[in-house]
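# Coordinates in review
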Amino acid sequence: MSETLHSKVLIIGSGPAGYTAAIYAARANLKPMLVTGLEPGGQLMITTEVENYPGFADVIQGPWLMEQMQKQAVHVGTNLINDYIKEVDFSSRPFKAIGDQGTVYTGDTVVICTGAKARWLGLPSEDIYRGKGVSACATCDGFFFRGKEVVIVGGGNSAVEEALFLTNFCSKVTLIHRRDSLRAEKILQQRLFDNDKIEIIWDHQVEEIKGDPALGMDSLILKNVKTQETQTLKADGLFVAIGHDPATDLFKGKLDMDDSGYIITRPDSTATSIEGVYAAGDVTDDNYRQAVTAAGMGCMAALESDRFLALKSDN
């Protein structure tokens, strides 16, 4: 028979939103239960330098920040469980979530903090060479390209940060962007432009990845989005940094979402379309997508859970 574990507040997913929700819920004596998911700590676990999280004058490391949040959550009373939720049932309270090995988790309230996952280019050749030169995580795989020439695709903060990171290992980094300007913060753009190891190819997109499927990729076919002309670019690796999609497949048909898969919450609230179920962080935020805003929403979700439970107990 499957084990059943219950909590007043069940938090699905970790990262800044999940850990902060846990901290606030635990301090409210709600004895929260947090199921970490496949990637405990979320995207900050693959982020090296963090210099915009309040409270730290010096640059800190993403994994270190998540480790501290996790320790704080456990210290104040969170029941931390390393499992992956594969199914949920929000049709009645207590709400139910089923783990990968069959464990049943129930909660009087639920806080969804499953974050986001990397977006890919969608090319057939991308699937062929994924793990054979193609990656969506420079901090994970950059080391394997020491002394080699690589390409990174994107124009936002993540793409620029990863391009700069790759210069620690690679002999040359080429950033390809489909527009003629970047969306990244100005301070990051300046660092990019000032780095002699980085070259930028504007107004281009990757059309195809070439190479030997047994050995790995060796070049890219690029297309100029304005002239439609193509060119071949030699490269040992390709890093895709074109954004993320919310990790909300688990909740499709269970909660109201927008066309992009983000969970819809009430204005100035983390409340979803089901009373007692809350969403915080990148699962609902398609605008800011910052660790500090995710943490803020995690705080909101815990406070709203506390108020919801208090109202129910009074009735």
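Everything in this summary refers to the structure shown in the same document. (Residues numbered from 1 in each chain as written. Predicted model: local features only at pLDDT ≥ 70, side-chain atom pairs only at ≥ 80, totals over all residues. Heavy atoms only, no water.)

## A closer look at the overall build of the protein chain
Applicable threshold: Elements are defined by DSSP. Helices are runs of H or I of four residues or more, strands are runs of E of two residues or more, and each kind is numbered from the N terminus. When a residue's accessible area, from a 1.4 Å probe over protein chains only, is under 20% of the maximum for its type it is buried; when over 50% it is exposed; and in between it is partly exposed. Pairs of residues are marked as contacts when any of their non-hydrogen atoms sit within 4.5 Å. Per-residue and other accessible areas follow the Shrake-Rupley method at a 1.4 Å probe size, with only the shown protein chains counted as cover for residues. Two residue types count as positive, namely Lys and Arg, and two as negative, namely Asp and Glu; His and chain ends fall outside the count. Note on charges: their place is set at NZ of Lys, CZ of Arg, CG of Asp or CD of Glu.
Within the protein chain, the secondary structure is distributed over seven helices and 19 strands. Buried residues in the protein chain amount to 48% of all 315 residues. For the protein chain, restricting intrachain contacts to residue pairs at least 6 apart in sequence, the fraction spanning at least 24 positions comes to 59%. Just so you have it, the protein chain exposes about 15800 Å², and 47% of that area is on carbon and sulfur atoms. Averaging the positions of the 30 positive and the 42 negative side-chain charges in the protein chain gives two centres separated by 2 Å.

## Some points on the sheet that holds strand β17 (residues 237-240)
We count it as follows: When DSSP finds two or more bridges between two strands, those strands count as paired. Axis definition: a line fitted to C-alpha atoms, over the contacting stretch in the case of helices. Angles run 0 to 180 degrees between N-to-C directions.
Spatial strand order, β10-β17-β11-β12-β13: five strands in an open sheet with parallel pairing. What marks the edges here is a single partner per strand, and that holds for β10 (134-135) and β13 (198-201). The pairing of strand β11 (residues 149-153) with strand β12 (residues 172-176) spans five bridges and is classified as parallel. Of the residues in β12, the one forming a bridge with V151 is T174. Its contacts with the sheet place helix α5 (residues 157-166) against β11, β12, β13 and β17, and it is angled at close to 170° to β11.

## Here we look at the side chain of Q189
Filter applied, for reference: Side-chain atoms alone can form a polar contact between residues adjacent in sequence; in general such a contact is a pair of N or O atoms within 3.5 Å, and within protein one must be able to donate a hydrogen while the other accepts it.
Locating Q189 in the fold gives a position in helix α6 (residues 186-194). Looking at Q189, its side chain comes within polar contact range of the main-chain oxygen of L182, at 3.4 Å. Residues within four places of Q189 in sequence aside, it is in contact with V160, L182, R183 and A184.

## A look at the sheet that holds strand β15 (residues 216-224)
With antiparallel pairing, the three strands of this open sheet are ordered in space as β14-β15-β16. Each edge of the open sheet is held by one strand with a lone partner, namely β14 (204-212) and β16 (230-234). With direction set aside, neighbouring strand axes in the sheet form an average angle of 30°. Alignment of β14 against β15, held across eight bridges, turns out to be antiparallel. When the bridges of β15 are listed, G211 appears paired with M217.

## Looking at the layout of surface pockets
Selection criterion: Points on a 1 Å grid over protein atoms alone make up a cavity when a 1.4 Å probe fits among them but cannot get out, and a pocket when they form an open set with protein on both sides within 12 Å along at least five of seven lines; lining residues each have an atom within 4 Å of a point. Grid points are joined across faces, edges and corners, and a volume is the space filled by probe spheres set on the points. Residues were grouped as follows: Ala, Val, Leu, Ile, Met, Phe, Trp, Tyr, Cys and Pro as nonpolar; Asp, Glu, Lys and Arg as charged; and all remaining residues, including Gly, as polar.
Of the volumes computed, that of the second largest pocket is approximately 220 Å³. Along its surface, the second largest pocket is lined by 14 residues, and R266, E275, G276, Y278 and F308 are the ones closest to its centre. Residue classes in the lining of the second largest pocket are distributed as five nonpolar, four polar and five charged.

## Comments concerning the nonpolar core
Defined as follows: By nonpolar core we mean a set of buried residues, namely Ala, Val, Leu, Ile, Met, Phe, Trp, Tyr and Cys, connected to one another through side-chain atoms within 4.5 Å.
Counting 30 residues, the largest nonpolar core has V9, I11, L65 and V111 as the members making the most contacts within it. Among the secondary structure elements, those contributing two or more residues to this core are β1 (4-12), α1 (15-27), α2 (62-75) and α7 (291-314). Per element, the largest residue contribution to this core is seven residues, and it comes from α7.

## Brief notes about the packing of aromatic side chains
Threshold: Only the six-membered ring of Trp is used, alongside the rings of Phe and Tyr, when aromatic pairs are assigned; centres must lie within 6.5 Å, and planes under 30 degrees apart are stacked while those over 60 apart are edge-to-face, with the rest tilted. Ring-over charges, as used throughout, are those where CZ of Arg or NZ of Lys falls within 6 Å of the ring centre and within 35 degrees of the ring normal.
Scanning the model with the defined rule gives eight aromatic pairs in all. Summarising the aromatic geometry, the rings of F56 and W64 are spaced 5.7 Å apart at their centres and angled 85° between planes, so their arrangement reads as edge-to-face. The class of F56 is partly exposed, set by a relative accessible area of 32%. W64 sits in the partly exposed class, given a relative accessible area of 36%. When the centroid spacing of 5.8 Å and the interplanar angle of 85° are considered together, the rings of F90 and F95 count as edge-to-face. According to the relative accessible area criterion, F95 is buried, its value standing at 2%. Aromatic ring contacts, followed pair by pair, group F143, F144, F165 and F169 into a single cluster. In this arrangement the basic side chain of R130 is found over the ring face of W120, its NZ or CZ atom lying 3.8 Å from the centre.

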